[in-house]
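Each chain is listed here by its residues.
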Amino acid sequence: MRTAVNAVSDVVENRPRPLREFDQIHMKTGDMVMQSEAIASWAADKRLAFIGDGDAISVAVAYLRKRDVLNFGPSRITVFDFDERTVQAVRRFADKERLEYLDAELYNVLDPFPDRAKFDCFYTNPPWGASNEGASVNAFVQRGIEAVGYEGEGCIVIADDDELPWPKQVLAKVQAYASERGFYVSRMNRKLHAYHLDDAPDLKSCNLFMSSLPENANRRAPSVSLTDPASLRNFYGGSKEPKVRYVHELKKPDYGKAPEGEYRLEFLPEESGE
């Protein structure tokens, strides 16, 4: 366990800080360890697409296998994210650690999904849709379904709370949306993950696993842009519609060091010489 936690700590040091205006909230490190093992097992020997990955679970999955903490994992991992900081962080880490099966691509879910070789499964931890009844979740689920060509499996990380009404409503909407596209809930692991969430520190999320029905590839349709204003309303939370296509990285950061704008040095007085 210590080796696993230390490995994931390396991943955490490499990932960029979250931007709350885009509902980016990071999973806590201990839960990342458990999640990475679960996803590595679920997607073992499969081609796995991450539709967004601010948490850097993709990197943790690949790195734990590289460090021989796990002896299983996906055969290929590709991250699709609109935050260039995330994309470049994945690429730099993959290059440094020689993770040949890990890559990332700059992509916004509002755009048609890239025409790529079919993936076997997808993973997404999207904006949780508290203010839009899950429409933001379904946007990411749609791209995941397209990534697997309507035939495969998916894992959706989504809010899970027995006391709040909106997580139940979102779960129902997402399950209905997937069902309409030929996917059923194969299993659900409840209340697994905690987050660095100041305004709701006790809010947890679950893993909602979905699988396609037999011959579901016949439902496959062309991928198109998402432009419906009703579906995009409150995409990143209350009154936060998507207006940004990409978050660009201005310079290469070193996530293991504090940025200069975060501190100021006060020097010792110089001794006067006689």
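Residues numbered from 1 in each chain as written. Predicted model: local features only at pLDDT ≥ 70, side-chain atom pairs only at ≥ 80, totals over all residues. Heavy atoms only, no water.

Take the nonpolar core next. One finds Ile156 and Val174 to be the most contacted residues of the largest nonpolar core, which totals 80 residues. In terms of residue count, the dominant contributor to this core is helix H3 (residues 57–66) (seven residues). For Val174, the contacting residues outside a window of four places in its chain are Gly134, Val137, Asn138, Val141, Ile156, Ile158, Leu208 and Met210. (Core = buried A, V, L, I, M, F, W, Y, C linked by side-chain atoms within 4.5 Å. Buried < 20%, exposed > 50% of the residue type's maximum accessible area, 1.4 Å probe, protein only. Helix = DSSP H or I, 4+ residues; strand = E, 2+ residues; numbered from the N terminus. Contact = heavy atoms within 4.5 Å.)

For the pair helix H1 (residues 2–14) and H3, the least separation of the axes is 9 Å and the interaxial angle reads 135 degrees. Overall, the two elements H1 and H3 adopt an arrangement that is oblique. As H1 packs across H3, the resulting crossing turns out to be right-handed. The residues of H3 that touch H1, namely those facing Ala4, Ala7, Val8, Asp10 and Val11, are Val59, Ala60, Tyr63 and Leu64. Grouping the amino acids of the contact of H1 with H3 by side-chain chemistry returns eight nonpolar, no polar and one charged. (Axes fitted to C-alpha atoms, helices over the stretch in contact; angles between N-to-C directions. Parallel < 35°, antiparallel > 145°, perpendicular 65-115°, else oblique. Left-handed = near helix turned anticlockwise from the far one by under 90°. Nonpolar A, V, L, I, M, F, W, Y, C, P; charged D, E, K, R; others polar.)

What holds strands together in a sheet is hydrogen bonding between their backbones, with the strands either parallel or antiparallel. What the seven strands build is an open sheet, ordered S3-S2-S1-S4-S5-S7-S6; its pairing is mixed. Of all strands in the sheet, those bounded by a partner on one side alone are strand S3 (102–106) and strand S6 (183–193). Adjacent strand axes in the sheet meet at a mean angle of 20 degrees, parallel and antiparallel pairs treated alike. Examined bridge by bridge, strand S1 (residues 47–51) and strand S4 (residues 121–124) share three bridges and lie parallel to one another. Following the sheet pairing, Phe50 is matched in S4 by Tyr123. Along the sheet face, helix H2 (residues 29–42) touches S1, S4, strand S5 (153–160), S6 and strand S7 (204–212) and points at about 155 degrees away from the line of S5. Lying on the sheet, helix H5 (residues 135–147) is in contact with S1, S4, S5 and S6; it crosses S1 at an angle near 155 degrees. (Pairing = 2+ DSSP bridges.)

So, on to helix H6 (residues 165–180). Compared with the 22 Å implied by 1.5 Å per residue over 16 residues, the 23 Å span of H6 between its first and last C-alpha is a close match. Turning to H6, its buried residues number three or more, namely Trp166, Pro167, Val170, Leu171, Val174, Tyr177 and Ala178. Here the buried residues of H6 occupy an arc of 135 degrees about the axis, which is enough to place them on one side. For H6, the exposed residues set more than 90 degrees away from the buried face come down to Pro165 and Glu180. (Expected span 1.5 Å × (residues − 1). Arc of directions from axis to C-beta.)

We now examine empty space enclosed by the protein. Inspection of every chain in the model, using the stated rule, returns one cavity of 30 Å³ or more. For the largest cavity, the calculated volume is near 60 Å³. Forming the walls of the largest cavity are Val11, Asn14, Arg15, Pro16, Asp53, Gly54, Ala56, Val59, Thr86, Ala89 and Val90. Sorting the residues of the lining of the largest cavity by element identifies H1 and helix H4 (84–96) as the ones contributing at least two each. (1 Å grid on protein atoms, 1.4 Å probe; cavity = no way out; pocket = protein on both sides within 12 Å on 5 of 7 lines; lining within 4 Å. Points joined across faces, edges and corners; volume = space filled by probe spheres on them.)

Turning our eyes to something else, we now look at the pairing of S3. For strand S2 (residues 76–81) and S3, the ladder comprises five bridges, and the chain directions are parallel. Paired with Phe80 across the two strands is Glu105, which belongs to S3. Handedness of the β-α-β unit built from S2, H4 and S3 comes out right-handed. (Right-handed = clockwise from strand over helix to strand, strands pointing away.)

Over its 13 residues, H1 runs 19 Å from end to end, which matches the ideal 18 Å to within 8%, given 1.5 Å per residue. For H1, the set of buried residues is Ala4, Ala7, Val8, Val11 and Asn14. Viewed along the axis of H1, the buried residues span an arc of 105 degrees, placing them on a single side of the element. Looking at the buried side of H1, the elements it contacts are H2, H3 and H4.

Of note in the backbone geometry, Tyr150 takes a positive phi value of approximately 65 degrees without being a glycine. Mapped onto the elements of the fold, Tyr150 is located in the loop between H5 and S5.

Counted according to the given criterion, the structure contains 13 aromatic pairs. Ring geometry for Phe50 and Tyr123: centres 4.8 Å apart, planes at 45 degrees, overall tilted. Taken together, the residues span a long stretch of sequence, with Phe50 in strand S1 and Tyr123 in strand S4 at a distance of 73 residues. Taking the relative accessible area as the measure of exposure, Tyr123 reaches 1% and is therefore buried. (Phe/Tyr/Trp six-rings, centres within 6.5 Å; stacked < 30°, edge-to-face > 60°.)

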